[in-house]
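Structural characterization, general
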Amino acid sequence: MTAVYGKLIRDNIPEIIIKQGKTPIIRTLSRDEYIYHLKIKLLEEVNEYITCSNIEEICDIYEVIDAIKKTEGYLDADIEAVKTAKAIKNGKFDKRLFLEKVEV
């Protein structure tokens, strides 16, 4: 029996599968494929967080974001600068504001 996954996995997953007595069929993605699948993985992890709302899912989201940052060459200082600039311009989400509508 073969289970087909077709998804980006963490680095230790092949060894875990082998320890279970199974044979993983894997390949290394090109940079473009990797970025594409990181985006899909990010959506997957966000959807899992929406469903479960637990700290493990938040950690998975961070792990994917760290991989995206590394692959794209984004520096933490640059990310923090852009984040701060956006917070100054548009604010944060601290006030829990919800826009119902805008009347014209």
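To keep things clear, this report deals only with the structure shown in the data block. Within each chain, residue numbers correspond to sequence positions counted from 1 in written order. Where totals are concerned, whole chains, interfaces and linings use all residues; where local detail is concerned, this predicted model gives features only for residues with pLDDT of at least 70, and gives and counts side-chain atom pairs only at 80 or more. Excluded from the side-chain calculation are hydrogens and water; included are all heavy atoms of the structure.

Turning our attention to the overall build of the protein chain. Each helix is a run of H or I in the DSSP string that is no shorter than four residues. Each strand is a run of E no shorter than two, and both are numbered from the N terminus. For the protein chain, the helix and strand inventory stands at four helices and zero strands. Listing the helices and strands of the protein chain from first to last along the sequence gives α-α-α-α. Expected size for 104 residues packed as a compact globule is a radius of gyration near 13 Å; at 19 Å, the protein chain overshoots this value by more than 25%. Its C-alpha atoms put the protein chain at 60 × 30 × 25 Å along the principal axes. Burial here depends on accessible area, computed with a 1.4 Å probe over protein chains only, as a share of the maximum for the residue type. Under 20% is buried, over 50% is exposed, and the range in between is partly exposed. Within the protein chain, the proportion of its 104 residues that are buried is 13%. Sequence-distant contacts in the protein chain: of pairs separated by 6 or more residues, those separated by 24 or more amount to 44%. Taken as a whole, the protein chain presents about 9,700 Å² of accessible surface, with 58% of it coming from carbon and sulfur. Both charge centroids of the protein chain, one from 17 positive and one from 19 negative side chains, sit 2 Å from each other. Two things to know: the radius of gyration comes from C-alpha atoms, and the globule rule equals 2.2 Å times the number of residues to the power 0.38. Pairs of residues are marked as contacts when any of their non-hydrogen atoms sit within 4.5 Å. Using a 1.4 Å probe, accessible areas were evaluated by the Shrake-Rupley method; residue-level cover was limited to the displayed protein chains. His residues and chain termini do not enter the charge count, which takes Lys and Arg as positive and Asp and Glu as negative. In this description, the location of a charge corresponds to atom NZ of lysine, CZ of arginine, CG of aspartate or CD of glutamate.

What follows concerns the side chain of Asp60. Relative to the helices and strands, Asp60 resides in helix H3 (residues 55–72). For Asp60, a relative accessible area of 17% puts it in the buried group. Setting aside anything within four residues of it in sequence, one finds Asp60 in contact with Arg10 and Glu45.

Next up on the list: unusual backbone geometry. Unlike most non-glycine residues, Ser53 shows phi in positive territory, near 50°. Positionally, Ser53 belongs in the loop between helix H2 (31–52) and H3. In the Ramachandran plot, Arg96 falls in the positive-phi region, its phi being about 55° despite a non-glycine side chain. Residue position: Arg96 is located in the segment after helix H4 (76–90).

This next bit is on the pattern of salt bridges. Any two side chains of opposite charge can pair if their charged atoms end up close together. What makes a salt bridge here is a side-chain nitrogen of Lys or Arg within 4 Å of a carboxyl oxygen of Asp or Glu, nothing more. One pass over the full model with this rule turns up eight salt bridges. The partner of Glu44 in a salt bridge is Lys41, and the shortest N-O contact between them spans 3.3 Å. Note that Glu44 and Lys41 are positioned in helix H2 at a spacing of three residues, about one turn of the helix. Overall, Lys41 belongs to the buried group, its relative accessible area being 11%.

By themselves, these are just geometric observations and shouldn't be taken as functional.
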